[in-house]
Amino acid sequence: MKNITVSVDEECYRAARIVAAENNTSVSAMVREYLAGVAAARQRDGDATQALFDLMDRAGSLRAADRLSREQAHAR
């Protein structure tokens, strides 16, 4: 596990300690949980983006000439 140093103003630290105490945890644990959530969200976003590009690759080429004509699109 890596250690990091973060600088925050006194009021922010005081408020964080109060929240940590109310949740029976530490400020370090709250920061660790937050950073893990940020990393997980980034991974999910990257996975979704990759899935979209994979679908686009499998869709093949799309050309304007392949579209329906106006009459075909509105035929009943």
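Structure: above.
Residues numbered from 1 in each chain as written. Predicted model: local features only at pLDDT ≥ 70, side-chain atom pairs only at ≥ 80, totals over all residues. Heavy atoms only, no water.

**Student:** Mind showing me how you'd approach the overall build of the protein here?
**Tutor:** Per the secondary structure count, the protein includes 3 helices and 0 strands. In sequence order, the secondary structure elements of the protein are arranged as α-α-α. Computed over its C-alpha atoms, the radius of gyration of the protein comes to 25 Å, more than 25% above the 11 Å expected for a compact globule of 76 residues. The dimensions of the protein, computed from C-alpha atoms along their principal axes, are 70 × 30 × 20 Å. Within the protein, the proportion of its 76 residues that are buried is 4%. Counting only carbon and sulfur atoms, one obtains 53% of the accessible surface of the protein, whose full area is about 7,400 Å². (Helix = DSSP H or I, 4+ residues; strand = E, 2+ residues; numbered from the N terminus. Rg over C-alpha atoms; globule rule 2.2 N^0.38 Å. Buried < 20%, exposed > 50% of the residue type's maximum accessible area, 1.4 Å probe, protein only. Areas by Shrake-Rupley, 256 points an atom, 1.4 Å probe, with all protein chains shown as cover.)

**Student:** Looking at this model, I keep getting lost on helix 1 (residues 10–22). Mind explaining?
**Tutor:** Because an α-helix packs 3.6 residues into every turn, residues spaced three or four apart end up facing the same way. Spanning 13 residues, helix 1 covers 18 Å between terminal C-alpha atoms, matching the ideal 18 Å at 1.5 Å per step. Backbone nitrogen of Glu11 and a side-chain oxygen of the N-cap are separated by 3.2 Å at the start of helix 1; the cap is Asp9. After helix 1 finishes, the residue Asn24 shows a positive phi value of roughly 55°. (Expected span 1.5 Å × (residues − 1). Polar contact = N/O pair within 3.5 Å; in protein donor to acceptor, adjacent residues only side chain to side chain.)

**Student:** Sorry if this is basic, but what is going on with the environment of Val38 here?
**Tutor:** Within the secondary structure, Val38 is located in helix 2 (residues 27–59). Taking the C-alpha atoms as reference points, Val38 and Ser7, 31 residues apart in sequence, are found 19 Å from one another.

None of this, on its own, says anything about what the molecule does.
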